Amino acid sequence: MANVIKLHKGLDINLKGRATEQKIQLKSNGKYALAPDDFEGVTPKVVVKEGDKVQAGDALFINKQYPEVKFASPVSGTVSAVVRGERRKVLCVKVDADAQQSFVDFGKKDVAKLDGKAVIEALLEAGLFGYLNQLPYAVSTNPSVMPKAIFVSALRDKPLAADFEYEVKGQEADFQTGITALSKIAKTYLGVGVGSALENVKDAEVTVFDGKCPAGNVGVQVNHLDPVNKGEVVWTIGDPTVVLFIGRLFNSGKVDLRRTVALCGSEVKNPAYVDMLVGEELATLLSNSYDASKNVRIINGNVLTGRPTTKEGFLGAHSSEITVIPEGNDADEVLGWILPRFNQFSVSRSYFSWLCGKKQYALDARIKGGERHMIMSGEYDKVLPMDIYGEYLIKAIITGDIDRQEALGIYEVSPEDFALAEFVDSSKLELQRIVREGLNVLRKENA
């Protein structure tokens, strides 16, 4: 019987456009790209050049700091471009896929007979190790520091989030293999939602998190199960599809970066699921999925934590949703501030929408207000189910007070933990950016 942890803080934002449990069949246009920015904290060194032939599983770039950490090509084909930005920063490595796919054969392995060292070596060889993150700093982890535990969250509860229970159907064996492999490295914790079919997974301590978003955040789960203290490291997987990647590697001997993505949002005509490979171009998926005459924002990932993209963009390494919502810059609200606003969502009672129960909202990308002085009002605490003082921590990061940041628990948090606080923040501060910059400064100081 799994443990149950009941969370009382949080906020569920009920948006229009949730994907229905049916799959669109998509014919790829054969264009793929892997972006180093999808792997936080990685300084890339490209190991291929334009015109090179690669197989699925061959390395496209490595982490300059830890050269043994490779990042595998999702497809076999020809490297078409290494795209660079300012100061020659690597933006992505593009690959044009072959009509007939070929894979590097890493050999099937029985994980029950492997030890932790062999599992890590297999993940490094196949270019999958970089998908594992760590706390502190919420960055892609390094293989030289062993964790005290590994945390996997299989609960997705952000607005319009893709349902992992739907994705994992028929792939339970791969998921179990992935969890067993991780358990060889360190004690593994698995966080699931109420009524999850994954409660019976073996080789992990399963905990049911019963509460509102962000109960599915791996950082929240770490905070409630085994908090991170200074000097300790835990590895985290907030994207449970990574466990499937690991399981497929050991069960088939091949790198298979296929994931089930939700095409969702209030502007999407028929929200549904689609199977895509990491790095696949979004053009074919988005070609007729929304009204192109409208001004929309396409988000690579979730509405709270994803990045803006375009039709010419590529599926992010950790993106389980492609979300399309109104941009909002053409909204014309006469007397907008004085109307009762039944169709606008607010956590305060300044709009009458609080009377509407579980109504679904079609929210746009507007901030609705300008950045202003930070109001110490306890807003963050209402949506942050962690044992930290969110407002004081943000102030310590802004002022650069490292000792105070450490005392207030910065080693336990990641930017996504503040996504909801950013949504409700009446000061309109970019909290996720502030937390990321604070973590980066701390990482350099402690290096």
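Above this text sits the structure in question.
Rules of the game
- Residues numbered from 1 in each chain as written.
- Predicted model: local features only at pLDDT ≥ 70, side-chain atom pairs only at ≥ 80, totals over all residues.
- Heavy atoms only, no water.
- Pairing = 2+ DSSP bridges.
- Helix = DSSP H or I, 4+ residues; strand = E, 2+ residues; numbered from the N terminus.
- Core = buried A, V, L, I, M, F, W, Y, C linked by side-chain atoms within 4.5 Å.
- Buried < 20%, exposed > 50% of the residue type's maximum accessible area, 1.4 Å probe, protein only.
- Contact = heavy atoms within 4.5 Å.
- Patch = residues over 30% accessible without salt bridge, like charges linked within 9 Å, V, L, I, M, F, W, Y side chains within 5 Å.
- Areas by Shrake-Rupley, 256 points an atom, 1.4 Å probe, with all protein chains shown as cover.
- Salt bridge = Lys/Arg side-chain N within 4 Å of Asp/Glu carboxyl O.
- Lys, Arg positive; Asp, Glu negative; His and termini not counted.
- Charge placed at Lys NZ, Arg CZ, Asp CG, Glu CD.
- Phe/Tyr/Trp six-rings, centres within 6.5 Å; stacked < 30°, edge-to-face > 60°.
- Axes fitted to C-alpha atoms, helices over the stretch in contact; angles between N-to-C directions.
- Parallel < 35°, antiparallel > 145°, perpendicular 65-115°, else oblique.
- Nonpolar A, V, L, I, M, F, W, Y, C, P; charged D, E, K, R; others polar.

A. How the structure looks around the sheet that holds strand β16 (residues 258-264). Reading across from one edge, β2-β17-β16-β20-β18-β19 is the order of the 6 strands in this open sheet, with mixed pairing throughout. The open sheet is flanked by β2 (23-24) and β19 (307-309), the only strands paired with a single partner. Bridge count for strand β18 (residues 296-300) against strand β20 (residues 321-326) is 5 bridges, and the pairing is antiparallel. In the sheet register, V296 faces β20, and the bridge partner there is P326.

B. The arrangement of the nonpolar core in detail. Ranked by internal contacts, the top residues of the largest apolar core, which has 65 residues, are L123, L128, Y131, L132, F175, L190 and F250. Counting residues per element, this core draws most heavily on helix α5 (residues 241-252), which supplies 7 residues. Contacts of L190, omitting those with residues within four sequence positions, involve V152, A154, F175, I179, L198, V201, A204, E205, V206 and T207. L160, A215, V218 and V220 belong to the second-largest nonpolar core, a separate cluster that totals 56 residues.

C. Expanded view of the side chain of E280. With respect to the helices and strands, E280 occurs in the loop between β17 (272-277) and α6 (283-286). Other than its neighbours up to four places away in sequence, E280 contacts L26, S28, K31, Y32, G313, F314 and L315.

D. A positive patch on the surface, seen in detail. Positive charge collects at one region of the surface, where K45, K64, R84 and R88 lie side by side. Inspection of the secondary structure puts K64 in the loop between β6 (59-63) and β7 (70-72).

E. Broad picture of the packing of aromatic side chains. Tallied over the full model, the rule gives 10 aromatic pairs. Seen in terms of ring centroids, F61 and F71 are 5.0 Å apart; in terms of plane orientation they differ by 25°. Their pairing is stacked. Note that F61 is positioned in strand β6 and F71 in strand β7, a separation of 10 residues in sequence. As far as the burial class goes, F61 and F71 line up, both buried. Taking 5.6 Å as the distance between ring centres and 55° as the angle between the ring planes, the aromatic pair formed by F164 and F175 counts as tilted. With F164 in helix α2 (residues 164-168) and F175 in helix α3 (residues 172-183), the pair connects residues that are 11 residues apart, well separated along the chain. Each member of the pair, F164 as well as F175, carries the same accessibility label: buried. Here a set of aromatic residues connected by ring pairs shows up, and it is made of F39, F61, F71, Y131 and F245.

F. A look at the packing of α3 against α5. One can describe the packing of α3 onto α5 by two numbers: an axis separation of 7 Å at closest approach and a directional angle of 95°. Taken together, the axes of α3 and α5 lie roughly perpendicular to each other. When α3 is examined against α5, the residues A173, D174, F175, T177, G178, I179, A181 and L182 are found in contact with a partner set consisting of V243, L244, I246, G247, R248, F250 and N251. Class assignment of the residues belonging to the contact of α3 with α5 gives a composition of 9 nonpolar, 4 polar and 2 charged.

G. Quick look at the pairing of strand β15 (residues 234-237). Here β15 shows no split at all, with V234 and T236 on one side and W235 and I237 on the other all buried. Here strand β10 (residues 133-135) pairs with β15 via 3 bridges, running antiparallel. Counted as the bridge partner of Q134 is W235 from β15. Inspection of the sheet shows strand β12 (residues 149-153) paired to β15 by 4 bridges, in the parallel sense. Pairing of V152 across the sheet is with I237, part of β15.

Honestly, it's all geometry; don't read function into it.
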